[in-house]
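Examination of the molecular architecture
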Amino acid sequence: MPWKQNPWFETVLEAQRRAKRRLPPSVYAALVAGSERGRTPEDNQKAFAELQFAPHVAGHQTDRELNTTVLGIPISLPVLISPTGVQAVHPEGEVAVARAAANRGTIMGLSSFASKPVEEVAAANPNTFFQMYWTGTRDQMVRRMERARAAGAKALIATLDWSFSIGRDWGSPAIPEKMTLKAMWDFAPEAIIRPRWLWAYGKTRHVPDLTTPNLQDPGREAPTFFGAYYEWQQTPPPTWEDVAWLREEWGGPFILKGITRVDDAKRAVDAGVSAISVSNHGGNNLDTTPATIRCLPAVASAVGDQVEVLLDGGVRRGGDVAKALALGARAVMIGRAYLWGLAANGQAGVENVLDLLRMGLDSAVLGLGHKSIHELSREDLFVPPGFERHLGTGADAATSAGPAAAGRRPAARPSAAGRSRRKPVAPASAEAPTTPPAPDEPAPGSAPDPAARP
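Everything numeric in this text was worked out from a predicted model, so none of it was measured.

1. Concerning the packing of aromatic side chains
For the structure shown, the criterion picks out 5 aromatic pairs. Both rings, one in Tyr28 and one in Trp340, keep their centres 5.3 Å apart while their planes meet at 35°; by these two values the pair is tilted. Taken together, the positions of Tyr28 in helix α2 (residues 25–32) and Trp340 in helix α14 (residues 336–367) put the pair 312 residues apart, joining distant regions of the chain. Ring centres of Trp134 and Trp245 lie 5.9 Å apart, and the angle between their planes is 85°; this geometry places the pair in the edge-to-face category. Residue Trp134 is located in the loop between β6 (128–133) and α6 (138–151), and its partner Trp245 is located in helix α10 (residues 240–250); the two are separated by 111 residues in the primary sequence. Residue Trp134 shares its accessibility class with Trp245, and that shared class is buried.

2. Considerations on the environment of Asn285
Among the structural elements, Asn285 can be located in the loop between β9 (275–278) and α12 (292–303). Residues Asn285 and Gly34 lie 251 residues apart in sequence; the distance between their C-alpha atoms is 7.5 Å.

3. What about helix α13 (residues 318–326)?
With respect to burial, α13 is a largely interior element, 9 of its 9 residues being buried. The set of residues buried in α13 consists of Gly318, Gly319, Asp320, Val321, Ala322, Lys323, Ala324, Leu325 and Ala326. Within two residues after α13, Gly328 carries a phi angle of roughly 120°, on the positive side.

4. A word on the pairing of β6
Most of β6 is tucked away: 6 of the 6 residues are buried. Neither face of β6 is left uncovered, since the one carrying Thr128, Phe130 and Met132 and the one carrying Phe129, Gln131 and Tyr133 both have all their residues buried. After leaving strand β5 (residues 108–110), the chain enters helix α5 (residues 118–124) and then returns to the sheet as β6, a path that is right-handed. Note: β6 against strand β7 (residues 155–159), 5 bridges, orientation parallel. By the bridge assignment, Gln131 is partnered in β7 with Ile157. For the crossover that starts at β6, traverses α6 and ends in the parallel β7, the hand is right-handed.

5. Some remarks on helix α4 (residues 93–103)
Within an α-helix, residues lying three or four positions from one another point in the same direction, as the helix has 3.6 residues per turn. Of all 11 residues that make up α4, 8 are buried, and the element is covered over most of its length. Three or more residues of α4 are buried, namely Gly93, Glu94, Val95, Ala96, Val97, Ala98, Ala100 and Ala101. Considering only its buried residues, α4 is in contact with β4 (79–81), β5, α5 and α14. A positive backbone phi angle near 75° is found at Gly105, which sits one or two residues after α4.

6. Quick word on the packing of α13 against α14
Packed helix pairs are characterised by how far apart their axes lie and by the angle those axes make with each other. For the pair α13 and α14, the least separation of the axes is 6 Å and the interaxial angle reads 55°. One way to sum up the angle between α13 and α14 is to call them oblique. Read as a crossing pair, α13 and α14 show a hand that is right-handed. Residues Gly318, Gly319, Val321 and Ala322 of α13 lie in contact with α14, whose contacting residues are Leu356, Leu357, Gly360, Leu361 and Ala364. Split into classes, the residues belonging to the contact of α13 with α14 amount to 6 nonpolar, 3 polar and no charged.

7. A look at the pattern of salt bridges
Per the stated rule, a full pass over the model turns up 18 salt bridges. Between Glu14 and Arg17 there is a salt bridge, and its shortest N-O distance comes to 2.9 Å. In this pair, Glu14 and Arg17 are both assigned in helix α1 (residues 12–22), 3 residues apart and thus about one turn of the helix distant. Note on Glu14: relative accessible area 13%, which makes it buried. Under the relative-accessibility criterion, Arg17 is labelled partly exposed at 39%. Across the pair Arg21 and Glu14 runs a salt bridge whose closest N-O atoms are separated by 3.8 Å.

The rules behind these values
- Residues numbered from 1 in each chain as written.
- Predicted model: local features only at pLDDT ≥ 70, side-chain atom pairs only at ≥ 80, totals over all residues.
- Heavy atoms only, no water.
- Phe/Tyr/Trp six-rings, centres within 6.5 Å; stacked < 30°, edge-to-face > 60°.
- Helix = DSSP H or I, 4+ residues; strand = E, 2+ residues; numbered from the N terminus.
- Buried < 20%, exposed > 50% of the residue type's maximum accessible area, 1.4 Å probe, protein only.
- Right-handed = clockwise from strand over helix to strand, strands pointing away.
- Pairing = 2+ DSSP bridges.
- Contact = heavy atoms within 4.5 Å.
- Axes fitted to C-alpha atoms, helices over the stretch in contact; angles between N-to-C directions.
- Parallel < 35°, antiparallel > 145°, perpendicular 65-115°, else oblique.
- Left-handed = near helix turned anticlockwise from the far one by under 90°.
- Nonpolar A, V, L, I, M, F, W, Y, C, P; charged D, E, K, R; others polar.
- Salt bridge = Lys/Arg side-chain N within 4 Å of Asp/Glu carboxyl O.

Given below as structure tokens:
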């Protein structure tokens, strides 16, 4: 019998390698994403490696507790599924991810730009959090929240840090507006060299339709990514008063995602949020934004006694989870990590990723001499001098620019009327929806977009 590769993989990096071999090149490139130089996604991972453990040599605990709660929901490990759109990665998409998360006892975050409707995902995992951007009219937002609530969503995640820097130094994959015959013809050279991916879709007799069913208005077709992106372009950016309105309209547990600054974290608390996610949109937003693990300690110190603090960005190992908890996070959210697993082996691949994180976290808790993740603290780490970023406090600005910078007032933010909307580029990955061109521009006919990470 010919040699057959073991479907189980031992690291997230191996899952990524398998995803690269399985996915059409442009789909894989959309998952990698990033913006401009790509420094932020690189730093998201690199920063974790700069933190060093301080393990004990004896006195280890035989039994270790890894479970916790997030917004009152018990979970078996402190890892949540971050909301991402997984178009073209796997035919079952978010439903497969939701089943995997349910089987491993954790929470599913569902993007409003997802490829599967909230009803199907919530049925697969009762502990589903629904994610929304500030896009559309208030009436549309209310309808979307009501639909998610009726489907059983336990919390709302608001992602507001989406701005889209233009261009990537390594180039951006093009995507079609719809999978028309012409689009499929243009995409065929990529698909034919990835027969396993092609066969997975062939068995369903469907192709990715590149629509966003959770943004569908009554009596209308679900918008495409192009239509959804255009709606966002036309929506004035939210104010803090809008954040408070959104939280009040939802009326339940509410997470504000995209925090890196201490002053923003404090404003979020004032707006009444239940939790915040320290996140930089997976590095798909403003490039050279610091790694989230660098920003976490200052944010957690400022508001961690008032709201739950989550960490999103760069988590690839269980040791990364332990480091985030030691610096003040209640739990972490993962995006690209589970997308690599989904691409490599479907639902089982996502479960594989969650198992790896669990095992790595357990090893860290063991080596550090603890019996529970709740005992992890800064004392378990060596944090190099200059590692942290205290954004929104004046501390970093004063250090880098001298005494005068500390007293300098920030420039006023341009008004919505004066801010020009940028033309979109090709798809972004794990946190941001793809970036199709506006409807009045010719659509680039190539690969479907697999990942939109709110």
